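Each chain is listed here by its residues.
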Amino acid sequence: MSEQASHSSFIKTPKQLITVVLLAFVVPIIGIVMLVQLVVNRPRVDAAAMSPDAVAERIQPVGKVEFGEPGGAAAAARSGEEVVKAVCGACHQTGAAGAPKIGDKAAWAPLLKGGLERLSANATKGQKAMPPRGGLENTPEAQAELARAIVFMANQSGGSLKEPAPKPAAKKK
Ligand code: HEC
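Computed from a predicted structure; not experimentally measured. (Residues numbered from 1 in each chain as written. Predicted model: local features only at pLDDT ≥ 70, side-chain atom pairs only at ≥ 80, totals over all residues. Heavy atoms only, no water.)

**Student:** Just checking my understanding: could you explain the side chain of arginine 133 for this structure?
**Tutor:** Mapped onto the elements, arginine 133 comes out in the loop between α7 (115–125) and α8 (140–155). For the buried arginine 133, which has no salt bridge, the nearest side chain bearing the opposite charge is glutamate 137, at an N-O separation of 8.6 Å. Discounting residues that sit within four places of it in the chain, arginine 133 has contacts with Ala123, Thr124, Asn138, Gln143 and Leu146. (Helix = DSSP H or I, 4+ residues; strand = E, 2+ residues; numbered from the N terminus. Buried < 20%, exposed > 50% of the residue type's maximum accessible area, 1.4 Å probe, protein only. Lys, Arg positive; Asp, Glu negative; His and termini not counted. Salt bridge = Lys/Arg side-chain N within 4 Å of Asp/Glu carboxyl O. Contact = heavy atoms within 4.5 Å.)

Shown next as structure tokens:
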């Protein structure tokens, strides 16, 4: 009796023994079942998300050029304000790199004298720190965006330029 007591365990009765043995089987099995569930029920890829159209939309480049009728393409093109915010503002919002700051009437007054024509010509070429077209692409659409951006900037800075009317449909060759 005393020997039995010396290496006593917490299992004292047959009932406890059965419980422990059962648990020793059941607990790992529950663990395995849960693991299997985890693997099997992994969130599925939505079939619609894998369609070529959806994929193309996700991986499209940041900028794209659209050709088409002005009603569609021109309407989709960005407004002067949007272009300024997205592209030109980096320099012209802060006056970084010596750019004439938007709203700085004194800086713009001499520039405005030449009108949109001259501003556009200079902005298209680029000068000093300003890259050609302020970094916009060399396409008719981008050129139109550039003009609208110049008008927006100039008019925020004491100018009263008119946005050039959208060009009639591009000639088909
Ligand atoms: C990397 C900086 C930078 C970006 C981006 C930039 N500009 Fe400029 N821009 C300049 C600097 C610098 C000048 C002044 C150049 C000078 O002093 O000759 C300038 C000058 C101009 C002028 C005056 C041209 C003239 O007649 O002297 C216009 C108009 C203009 N930018 C329009 C734009 C537009 C529109 C955009 C966006 C599409 C743009 N800029 C983006 C730096 C920038």
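**Student:** Got a minute to help me understand the coordination of the iron atom of the ligand in this structure?
**Tutor:** For the iron atom of the ligand, every protein donor is listed as His92 (NE2) and Met130 (SD), and the spread of their distances is 1.9 Å. Taken together, the six donor atoms coordinating the iron atom of the ligand span angles of 88 to 179° at the metal, a pattern that classifies the geometry as octahedral. Here histidine 92, found in helix α5 (residues 80–92), pairs with methionine 130, found in the loop between α7 and α8; they are 38 residues apart in sequence, far enough to count as distant. (Donors = N, O, S within 2.8 Å, 3.2 Å for Na, K, Ca; no water. Tetrahedral: all angles 85-135°; square planar, octahedral: opposite > 155°, others 65-115°.)

**Student:** I tried to follow the site of the ligand on my own but got confused; where do I start?
**Tutor:** Neighbouring the ligand are 24 residues, the closest being Cys88, Cys91, His92, Gln127 and Met130. Histidine 92 places a side-chain nitrogen or oxygen 2.7 Å from a nitrogen atom of the ligand. Within the side chain of arginine 118, a nitrogen or oxygen atom sits 3.4 Å from an oxygen atom of the ligand. Where the shell around the ligand is concerned, the elements lending two or more residues are α5, α7 and α8. (Near = heavy atom within 4 Å. Polar contact = N/O pair within 3.5 Å; in protein donor to acceptor, adjacent residues only side chain to side chain.)

**Student:** Explanation requested: the packing of helix α6 (residues 105–112) against α7 in the structure shown.
**Tutor:** Two quantities define a packed helix pair, namely the angle between the helix axes and the distance between the axes. Where α6 meets α7, the axes come as close as 9 Å, and the angle between the chain directions of the two elements is 100°. Viewed along their axes, α6 and α7 adopt a mutual orientation that is roughly perpendicular. Taken together, the residues of α7 that come into contact with α6 (itself represented by Trp108, Pro110, Leu111 and Leu112) are Gly115, Arg118 and Leu119. Among the residues forming the contact of α6 with α7, the class breakdown is five nonpolar, one polar and one charged. (Axes fitted to C-alpha atoms, helices over the stretch in contact; angles between N-to-C directions. Parallel < 35°, antiparallel > 145°, perpendicular 65-115°, else oblique. Nonpolar A, V, L, I, M, F, W, Y, C, P; charged D, E, K, R; others polar.)

**Student:** What is the right way to read unusual backbone geometry from this model?
**Tutor:** In terms of backbone geometry, most residues other than glycine have negative phi values and most peptide bonds are trans. Positive phi, close to 60°, is recorded for alanine 97, a residue that is not glycine. Note on placement: alanine 97 falls in the loop between α5 and α6. On the basis of relative accessibility, which here comes to 62%, the residue alanine 97 falls in the exposed class. At arginine 133, a residue that is not glycine, the phi angle is positive and equals roughly 55°.

**Student:** What is the right way to look at the pattern of salt bridges in this model?
**Tutor:** Once their charged atoms are close, side chains differing in charge can pair, the charge on each being opposite to the other. Following the criterion strictly, the structure yields two salt bridges and no others. For arginine 78, the salt bridge goes to glutamate 145, with nearest N and O atoms at 2.9 Å. Of this pair, arginine 78 sits in the loop between α4 (70–76) and α5 while glutamate 145 sits in helix α8, and the two are 67 residues apart along the sequence. Under the relative-accessibility criterion, arginine 78 is labelled partly exposed at 29%. For glutamate 145, a relative accessible area of 9% puts it in the buried group. Close ionic contact of glutamate 81 with lysine 85 constitutes a salt bridge, the shortest N to O distance being 3.1 Å. Note that glutamate 81 and lysine 85 are positioned in helix α5 at a spacing of four residues, about one turn of the helix.

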